[in-house]
Amino acid sequence: MKRIRSGQVYLYRGDGLRSTVLDIRMKDKVRGDILRRALEMSLERYPYLRSKLVEKDGDFYIADNALPVALARTDKFRGLGSMKVNYQLIDVTYVEREIHVAFHHALCDGRGIVPFIETLVYYYCSMRYRQAFDSTGIRLAGEPLLQGETDEPFGDSKYEVGDGPAPEVTRDGYALPENAGEVSGYYRYEINIDRDEFMTFAKANNATPSILVALLASKAVRKVHPDAEKPIVCSLASDMRNELGLSNTHKNCVTSLYLPYSEGLEGLPLEEQATTYRQLIKEQKDPDAVRSAANSQIGMSDRLDSLETLAEKKEMLSFFDDLCINTFVVSYLGQIQVSECGDLVESIHLYSSGNRGLIVNMLSAGDFITVDILQSFESEQFVNELLRSLDEAGLAYDASGRIDFATALDRTSSTGRWHAEKYYAELVR
């Protein structure tokens with residue numbers, strides 16, 4: 001067993017943690033028998049994904065799980081760590097043309113699960129269509145793990161940091177009034193943007209995909225709330241792997257960068273706005289700044305480990321239960337490498353419920369840049385303004401209506417002892 005450090009903050013939520021789902025939309029109906037074979041072959045390459053959580057004296061450990069990953073045909077999301085999924089921390093289900101891969105953030109982050117997704121799609125398409133697709137960039141069964149693939153980014157030792165000045169960062173963003181009050185539900189919208197058009201437009205304006213969406217989203221918030229008294233701040237999820245020298249780890253390895261959208265920036269042409277964001281990102285991605293952020297996470301884990309009971313650890317991290325990041329979050333997972341199988345994949349979506357506020361998830365797969373808007377409020381004003389901005393940019397897209405949704409609560413989290421007793425009672429019965 002290995003004690004969890006990265007992903008530790010996801011394990012002490014008052015009501016548990018909801019799973020994160022990668023929703024793979026195929027162009028043809030999914031064959032369950034072939035998907036099962038593809039799943040088994042894929043897991044041969046990623047043995048560390050066959051895992052369960054073990055809680056001991058308030059600490060959580062990752063342990064090997066010899067039980068199979070319980071593939072099922074269902075449109076329901078199942079609680080990770082539960083008996084229904086053989087206590088696994090990933091779950092693979094399918095229905096019609098969709099393959100759903102749910103994962104627990106205590107096990108890995110989005111970048112950590114993506115190689116498994118790529119391998120699964122490759123094997124499924126190869127067997128489903130009986131073609132020898134190009135496997136360049138795909139990790140295959142029988143190949144060894146990459147160097148550092150299971151390394152812990154936030155261990156007991158802190159990273160060395162130089163004595164240069166820290167970058168100036170604006171974190172205090174405008175709080176959306178939509179987030180006030182109790183959360184009544186979780187809603188999402190799916191936007192598929194033509195990838196070639198999107199990338200051409202982004203490059204013409206000196207923007208990366210995440211910068212372009214962050215700017216368009218900030219503009220949309222400003223349109224809805226023209227009297228915002230503080231800067232609209234995008235909290236941009238940022239991979240730390242390269243700066244920490246752990247480019248291959250599957251474990252959680254993410255920090256946040258902060259991109260303020262002020263009145264001064266708003267008045268500039270889009271290209272100059274993007275150039276400003278590039279500079280802010282460069283400053284915050286300075287290796288010393290990233291290592292300092294990693295040391296902060298190590299410090300939090302050290303403080304958590306010093307506490308003796310589960311109740312104390314839950315209390316320390318209780319602020320996460322209702323945390324709302326102002327003004328909004330953008331998370332770009334990058335391009336999913338499906339190689340020649342891309343013609344068989346319609347799109348891939350990323351979502352999780354249970355988070356208060358406004359979150360914009362992005363990834364590239366098939367012919368689309370996929371933008372998934374997740375929000376804990378009913379108003380459609382933000383989405384409507386974002387779509388208006390896409391229209392003004394001349395970008396082709398398809399957009400869904402509002403989707404009410406909920407991913408499944410885990411059965412392993414801060415209520416671990418209660419669930420263990422429940423499982424034992426079920427086994428005895």
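Numbering of residues begins from 1 in every chain and follows the order in which that chain's sequence is written. The predicted nature of this model means local features are confined to residues of pLDDT at least 70 and side-chain atom pairs, given and counted, to a pLDDT of 80 or more, with totals for whole chains, interfaces and linings taken over all residues. Side-chain measures were taken over the full set of non-hydrogen atoms in the model, leaving aside hydrogen atoms and water.

Visitor: What exactly am I supposed to notice about the packing of aromatic side chains here?
Guide: To describe a pair of aromatic rings, one takes the distance between the centres and the angle between the planes. Pairing of aromatic side chains here covers Phe, Tyr and the six-membered ring of Trp, requires ring centres within 6.5 Å, and sorts the geometry by plane angle: under 30 degrees stacked, over 60 edge-to-face, intermediate tilted. By the definition in use, this model includes seven aromatic pairs. Their ring planes at 90° and their centres at 5.8 Å tell us that Tyr46 and Phe116 sit as a pair that is edge-to-face. With Tyr46 in the loop between helix H1 (32-45) and strand E3 (51-56) and Phe116 in helix H2 (residues 110-129), this pair connects stretches of sequence that are 70 residues apart. A connected cluster of aromatic rings, assembled from ring pairs, spans Tyr46, Tyr48 and Phe116. Whether a charge lies above a ring is judged from NZ of Lys or CZ of Arg, which has to be within 6 Å of the ring centre and within 35 degrees of the ring normal. Here the basic side chain of Arg45 rests over the ring of Tyr46, its NZ or CZ set 5.0 Å away from the ring centre. Helix and strand assignments come from DSSP, with helices taken as H or I runs of at least 4 residues and strands as E runs of at least 2, each series counted from the N terminus.

Visitor: Can you help me understand the side chain of His225 in this one?
Guide: Among the structural elements, His225 can be located in the loop between helix H4 (209-224) and strand E9 (232-239). Within 3.5 Å is the distance limit for a polar contact, defined as a pair of N or O atoms, with the added protein rule that one can donate a hydrogen and the other accept it, and that residues adjacent in sequence qualify only through two side-chain atoms. A distance of 2.9 Å separates polar atoms of two side chains, one belonging to His225 and the other to Glu178. Once residues within four sequence positions are removed from consideration, His225 is found in contact with Tyr174, Leu176, Pro177 and Glu178. The criterion used for residue contact is that any of the two residues' heavy atoms lie within 4.5 Å.

Visitor: What is the right way to look at the side chain of Ser210 in this model?
Guide: Considering the arrangement of structural elements, one finds Ser210 in helix H4. The contact partners of Ser210, leaving out residues within four places of it in the chain, are Leu236, Val330, Tyr332 and Met362.

Visitor: Help me understand the sheet that holds E3, please; the structure alone is not making it clear to me.
Guide: Within a sheet, adjacent strands bond to each other through the backbone by hydrogen bonds, running parallel or antiparallel. Between any two strands, pairing holds if DSSP finds at least two bridges. Strand order in the open sheet formed by three strands is E1-E4-E3, and the pairing between neighbours is antiparallel. Pairing within the sheet leaves two strands with one partner each, and these edge strands are strand E1 (2-3) and E3. Pairing of E1 with strand E4 (residues 59-64) involves two bridges; the strand directions are antiparallel. For Arg3, the partnering residue across the bridge sits in E4 and is Tyr61.

Visitor: I tried to follow H2 on my own but got confused; where do I start?
Guide: Working note: α-helix, 3.6 residues per turn, so residues spaced by three or four point in the same direction. Residue count minus one, scaled by 1.5 Å, sets the expected span of a helix. Given a rise of 1.5 Å per residue, 20 residues ought to cover 28 Å, and the 28 Å separating the end C-alpha atoms of H2 matches this to within 8%. Think of it in three bands: with a 1.4 Å probe and only protein chains considered, a residue is buried below 20% of the maximum accessible area for its type, exposed above 50%, and partly exposed in between. Taking burial as the measure, the 20 residues of H2 include 17 buried ones, the bulk of the element. The residue sitting at the N-terminus of H2 and contributing the capping side-chain oxygen is Asp109; that oxygen lies 3.3 Å from the backbone nitrogen of Arg111. Positive phi appears at Arg130, one or two residues downstream of H2, with a value of about 55°.

Visitor: So what exactly am I meant to see when it comes to the packing of H4 against helix H7 (residues 270-284) here?
Guide: Two quantities define a packed helix pair, namely the angle between the helix axes and the distance between the axes. Working convention: axes come from line fits to C-alpha atoms, limited for helices to the stretch in contact. Angles between N-to-C directions cover 0 to 180 degrees. As a packed pair, H4 and H7 sit with axes 10 Å apart at the nearest point and diverge in direction by 115°. Note that H4 runs across H7; the crossing there is right-handed. Contacts between H4 and H7 involve Ile211, Leu212, Ala214, Leu215 and Ser218 on the former and, on the latter, Leu270, Gln273, Ala274, Tyr277, Arg278 and Ile281. The hand of a helix crossing depends on one turn: near helix anticlockwise from the far one by less than a right angle means left-handed, and clockwise means right-handed.

Visitor: Sorry if this is basic, but what is going on with the sheet that holds strand E12 (residues 345-351) here?
Guide: Reading across from one edge, E5-E6-E7-E2-E12 is the order of the five strands in this open sheet, with mixed pairing throughout. Unpaired on one side and paired on the other, strand E5 (72-73) and E12 mark the two borders of the sheet. Strand direction decides the pairing type here: strand E6 (residues 90-95) and strand E7 (residues 98-103), joined by six bridges, are antiparallel. Bridging from a neighbouring strand, Asp91 pairs with Ala102 of E7. Packing of H1 onto the sheet brings it into contact with E6 and E7, and relative to E6 it is tilted by some 160°.

Visitor: Looking at this structure, how should I read the pattern of salt bridges?
Guide: Any two side chains of opposite charge can pair if their charged atoms end up close together. A carboxyl oxygen of Asp or Glu within 4 Å of a side-chain nitrogen of Lys or Arg is what we treat as a salt bridge. Summed over all chains, the structure comprises 24 salt bridges. For Arg45, the salt bridge is made with Glu149, and the minimal N-O distance between the two is 3.0 Å. Here the residue Arg45 occupies a position in helix H1, and Glu149 occupies one in the loop between H2 and strand E8 (187-194), the gap between them amounting to 104 residues. The two residues Arg45 and Glu149 agree in class, both being buried. One salt bridge connects Arg111 with Asp239, and the closest N-O pair in it is separated by 2.4 Å. Of this pair, Arg111 sits in helix H2 while Asp239 sits in strand E9, placing them 128 residues apart in sequence. Look at Arg111 and you get partly exposed, because its relative accessible area is 39%. It is possible to trace a salt-bridge network through shared partners that takes in Arg3, Arg5, Asp59, Asp302, Asp305 and Lys313.

Visitor: What exactly am I supposed to notice about the packing of H4 against helix H10 (residues 381-392) here?
Guide: Where H4 contacts H10, the two axes come as close as 8 Å, and the packing angle between them is 125°. As far as their axial angle goes, H10 and H4 are oblique. In this structure, H4 meets H10 at a crossing whose hand is right-handed. Each of Leu216, Ala217, Lys219, Ala220, Val221, Lys223 and Val224 in H4 lies in contact with H10, whose residues at this interface are Gln381, Phe382, Glu385, Leu386, Ser389, Leu390 and Glu392. The class makeup of the residues in the contact of H4 with H10 is eight nonpolar, two polar and four charged. Note on angle classes: values under 35 degrees are labelled roughly parallel, values over 145 roughly antiparallel, values of 65 to 115 roughly perpendicular, and the remainder oblique. Under the scheme applied here, ten amino acids are nonpolar (Ala, Val, Leu, Ile, Met, Phe, Trp, Tyr, Cys and Pro), four are charged (Asp, Glu, Lys and Arg), and all others, including Gly, are polar.

Visitor: Teacher, can you tell me more about a negative patch on the surface here?
Guide: Residues enter a patch when their relative accessible area is above 30% and they make no salt bridge; the linking distance is 9 Å between like charges and 5 Å between nonpolar side chains (Val, Leu, Ile, Met, Phe, Trp, Tyr). Here the accessible surface of atoms and residues is derived via Shrake-Rupley with a 1.4 Å probe, and residues count as covered only by protein chains that are part of the display. Two residue types count as positive, namely Lys and Arg, and two as negative, namely Asp and Glu; His and chain ends fall outside the count. Charged side chains are reduced to one point each, which is NZ for Lys, CZ for Arg, CG for Asp and CD for Glu. A cluster of like negative charges, contributed by Asp134, Asp196, Glu197, Glu340, Asp343 and Asp367, occupies part of the molecular surface. Structurally, Glu197 can be placed in helix H3 (residues 195-204). Residue Glu197 is classed as partly exposed on the basis of its relative accessible area, which comes to 33%.

Visitor: How should the state of the cysteines be read in this particular structure?
Guide: In protein structure, a disulfide is the covalent linkage between the sulfur atoms of two cysteines. Note that a disulfide, as used here, is simply two cysteine sulfur atoms within 2.5 Å. Taken as a whole, this structure holds zero disulfides when the rule is applied. In this structure Cys253 is a free cysteine whose sulfur lies 12 Å from that of Cys108, the closest cysteine sulfur available. Free of any disulfide, Cys324 has its nearest neighbouring cysteine sulfur in Cys234, separated by 14 Å.

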